[in-house]
Amino acid sequence: MGENGKDGNEESEEKADRKWEEMLQEVRVAQTGAQILFGFLISVVFTPRFIQISPADRTLYDVTVVLGAVATGTLIAPVAFHRFLAGHQMMPELVRAGARMIVLGLVLLGITVGAALALLLHVATGSGIAWAVAGAVVFWFAVCWLVLPWIALRAGRRRATRPEA
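Here we summarise the structure given alongside this text. Here the structure is a predicted model, which means the values were calculated and not measured. (Residues numbered from 1 in each chain as written. Predicted model: local features only at pLDDT ≥ 70, side-chain atom pairs only at ≥ 80, totals over all residues. Heavy atoms only, no water.)

**Looking at the packing of helix H2 (residues 55-85) against helix H3 (residues 91-125)**
The N-to-C vectors of H2 and H3 enclose an angle of 165 degrees; their axes lie 8 Å apart at closest approach. Between H2 and H3, the angle falls in the class roughly antiparallel. The hand of the H2/H3 crossing is left-handed. The residue makeup of the contact of H2 with H3, split by class, is 25 nonpolar, 8 polar and 1 charged. (Axes fitted to C-alpha atoms, helices over the stretch in contact; angles between N-to-C directions. Helix = DSSP H or I, 4+ residues; strand = E, 2+ residues; numbered from the N terminus. Parallel < 35°, antiparallel > 145°, perpendicular 65-115°, else oblique. Left-handed = near helix turned anticlockwise from the far one by under 90°. Nonpolar A, V, L, I, M, F, W, Y, C, P; charged D, E, K, R; others polar.)

Structural data, given as structure tokens:
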């Protein structure tokens, strides 16, 4: 029995419930952004100018729309996981799977934003610099969304394992 007369499994479930709630709050921001971007991408095909874009830009558009759909679906996936697993005492497993889906969804969303930016800048300017700018933006996302959290995690682990003075 753990503290307050609870067994370890119950404490684990409560901790997982708390983590799940935190994850849902975090992913709402990304889901909203992905859905807005995807909605915008869908509407572009119905504009008069769309038929004037080059075949290469049309291919980039197609890839970007598919990426947007996959990113949106991936970011919404934790909700489906919850529906299937709720009530089966699998909250820790749900949290682990949900966390992986959110990270994958963020990566896909970053790539989608980069592809959409490349398309927009290329159509607007006709310049190859669009690819460099989009690449720089995706690199910035990778730094902010992946590298900096990884650095913070490593620093935290080092502090946790450092002997007390």
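**What about the environment of valine 63?**
Along the chain, the position of valine 63 falls in helix H2. A sequence separation of 52 residues divides valine 63 from alanine 115, and the C-alpha atoms of the two residues are 8.1 Å apart.

**Structural notes on the nonpolar core**
Formed by 28 residues in total, the largest nonpolar core has its most connected members in Trp20, Leu75, Met91, Val95 and Leu109. When contributions to this core are tallied by element, the ones reaching two or more residues are helix H1 (8-44), H2 and H3. At 10 residues, H3 tops the list of elements feeding residues into this core. Leave out the neighbours within four places in its chain, and leucine 109 touches Ala30, Ala34, Leu37, Ala71 and Leu75. (Core = buried A, V, L, I, M, F, W, Y, C linked by side-chain atoms within 4.5 Å. Buried < 20%, exposed > 50% of the residue type's maximum accessible area, 1.4 Å probe, protein only. Contact = heavy atoms within 4.5 Å.)

**Some words on a nonpolar patch on the surface**
Residues Val103, Val107, Ile111, Trp145, Leu146, Val147, Leu148, Trp150 and Ile151 make up a contiguous nonpolar surface patch of roughly 770 Å² in combined accessible area. At the level of secondary structure, the elements contributing two or more residues to the nonpolar patch comprise H3 and helix H4 (129-161). Ranked by residues supplied to the nonpolar patch, first place goes to H4 with 6 residues. Its place among the elements puts isoleucine 111 in helix H3. (Patch = residues over 30% accessible without salt bridge, like charges linked within 9 Å, V, L, I, M, F, W, Y side chains within 5 Å. Areas by Shrake-Rupley, 256 points an atom, 1.4 Å probe, with all protein chains shown as cover. Salt bridge = Lys/Arg side-chain N within 4 Å of Asp/Glu carboxyl O.)

**Here's the deal with the packing of aromatic side chains**
On inspection of all chains with the given rule, the structure shows 2 aromatic pairs. A ring pair is formed by phenylalanine 50 and tyrosine 61, whose centres lie 4.9 Å apart and whose planes are at 65 degrees; its orientation type is edge-to-face. Here phenylalanine 50, found in the loop between H1 and H2, pairs with tyrosine 61, found in helix H2; they are 11 residues apart in sequence, far enough to count as distant. Taken as a pair, phenylalanine 50 and tyrosine 61 share a single burial class, namely buried. When the ring of phenylalanine 141 is compared with that of tryptophan 145, the centres are 4.6 Å apart and the planes differ by 5 degrees; the resulting orientation is stacked. In this pair, phenylalanine 141 and tryptophan 145 both sit in helix H4, 4 residues apart, roughly one turn of the helix. For phenylalanine 141, a relative accessible area of 18% gives the class buried. (Phe/Tyr/Trp six-rings, centres within 6.5 Å; stacked < 30°, edge-to-face > 60°.)

**Some points on H2**
With 31 residues, H2 extends 44 Å between its outermost C-alpha atoms, agreeing within 8% with the 45 Å of an ideal straight helix rising 1.5 Å per residue. By the largest-angle criterion, isoleucine 76 marks the main kink of H2, which is about 35 degrees, and a proline, proline 78, follows within four residues. A positive phi of about 85 degrees marks glycine 87, the residue just after H2. (Expected span 1.5 Å × (residues − 1). Bend = angle between axes of the 7 residues up to and from the residue.)

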